[in-house]
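Descriptive analysis of the structure
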Amino acid sequence: MKPSKSINLKSRAAAKAASRREDRKRLENGESPEVIQRENSIFPPGYFQRHRIINFASAVGK
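Residues numbered from 1 in each chain as written. Predicted model: local features only at pLDDT ≥ 70, side-chain atom pairs only at ≥ 80, totals over all residues. Heavy atoms only, no water.

A tally of regular secondary structure across the chain gives 4 helices and 0 strands. Computed over C-alpha atoms, the radius of gyration of the chain comes to 18 Å, more than 25% over the 11 Å expected from 2.2 N^0.38 for 62 residues, which places it beyond the range of a compact globule. The principal-axis extents of the C-alpha atoms in the chain amount to approximately 45 × 35 × 15 Å. Looking at the chain residue by residue over its 62 residues, the buried ones come to 5%. Of the roughly 6100 Å² of accessible surface on the chain, 56% is carried by carbon and sulfur atoms. Taken as two groups, the 14 positive and 6 negative side-chain charges of the chain have centres that lie 13 Å from each other. (Helix = DSSP H or I, 4+ residues; strand = E, 2+ residues; numbered from the N terminus. Rg over C-alpha atoms; globule rule 2.2 N^0.38 Å. Buried < 20%, exposed > 50% of the residue type's maximum accessible area, 1.4 Å probe, protein only. Areas by Shrake-Rupley, 256 points an atom, 1.4 Å probe, with all protein chains shown as cover. Lys, Arg positive; Asp, Glu negative; His and termini not counted. Charge placed at Lys NZ, Arg CZ, Asp CG, Glu CD.)

This part is about helix 1 (residues 9-28). Residues spaced three or four apart along an α-helix face the same direction, because each turn holds 3.6 residues. With 20 residues, helix 1 extends 28 Å between its outermost C-alpha atoms, agreeing within 8% with the 28 Å of an ideal straight helix rising 1.5 Å per residue. Here helix 1 starts with a cap whose side-chain oxygen sits 3.1 Å from the backbone nitrogen of lysine 10, and that cap is asparagine 8. Positive backbone phi, approximately 95°, marks glycine 30, located one or two places after helix 1. (Expected span 1.5 Å × (residues − 1). Polar contact = N/O pair within 3.5 Å; in protein donor to acceptor, adjacent residues only side chain to side chain.)

This next bit is on the confidence of the model for the chain. Of all residues in the chain, 92% have pLDDT values of 70 or greater, and the mean over the chain is 86. In the model of the chain, helix 3 (residues 47-50) stands out as the element of lowest mean pLDDT, 79, in contrast to helix 1, which has the highest, 95. (pLDDT = per-residue confidence, 0-100.)

A separate point is the packing of helix 1 against helix 2 (residues 33-40). As a packed pair, helix 1 and helix 2 sit with axes 10 Å apart at the nearest point and diverge in direction by 155°. The orientation of helix 1 relative to helix 2 falls into the category roughly antiparallel. Relative to helix 2, the crossing made by helix 1 is right-handed. In contact with Asp23, Arg26 and Leu27 of helix 1, helix 2 contributes Pro33, Val35, Ile36, Glu39 and Asn40. Classifying every residue of the contact of helix 1 with helix 2 by side-chain character gives 4 nonpolar, 1 polar and 3 charged. (Axes fitted to C-alpha atoms, helices over the stretch in contact; angles between N-to-C directions. Parallel < 35°, antiparallel > 145°, perpendicular 65-115°, else oblique. Left-handed = near helix turned anticlockwise from the far one by under 90°. Contact = heavy atoms within 4.5 Å. Nonpolar A, V, L, I, M, F, W, Y, C, P; charged D, E, K, R; others polar.)

Another aspect to go through is the packing of aromatic side chains. All chains considered together, the criterion is met by 3 aromatic pairs. Here the aromatic rings of phenylalanine 43 and tyrosine 47 are separated by 4.9 Å at their centres, their planes lie at 25°, and the arrangement is stacked. Overall, the relative accessible area of 35% leaves phenylalanine 43 in the partly exposed class. On the accessibility criterion, tyrosine 47 (24% relative accessible area) is partly exposed. Measuring from centroid to centroid gives 5.1 Å for tyrosine 47 and phenylalanine 48, while their planes differ by 85°, and the two rings are edge-to-face. Take phenylalanine 48: its relative accessible area is 58%, and that puts it in the exposed class. Aromatic rings pair up to connect Phe43, Tyr47 and Phe48 into one cluster. (Phe/Tyr/Trp six-rings, centres within 6.5 Å; stacked < 30°, edge-to-face > 60°.)

Written as structure tokens, this is what we have:
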């Protein structure tokens with residue numbers, strides 16, 4: 001599946017690098033890695049503890 005619009009890879013890489021620099025500064029200033037990870041994650045807190053895979057047996061071949 002192709003993205004609906006063209007992505008400028010150089011600007012995306014620059015944005016990711018800037019985000020990493022900002023996160024590194026926050027870590028150096030003593031901010032909790034868990035807080036930063038939670039902000040950067042696409043999954044809400046507790047997602048993997050509550051989430052069930054309905055077709056787990058067929059997905060793992062049992």
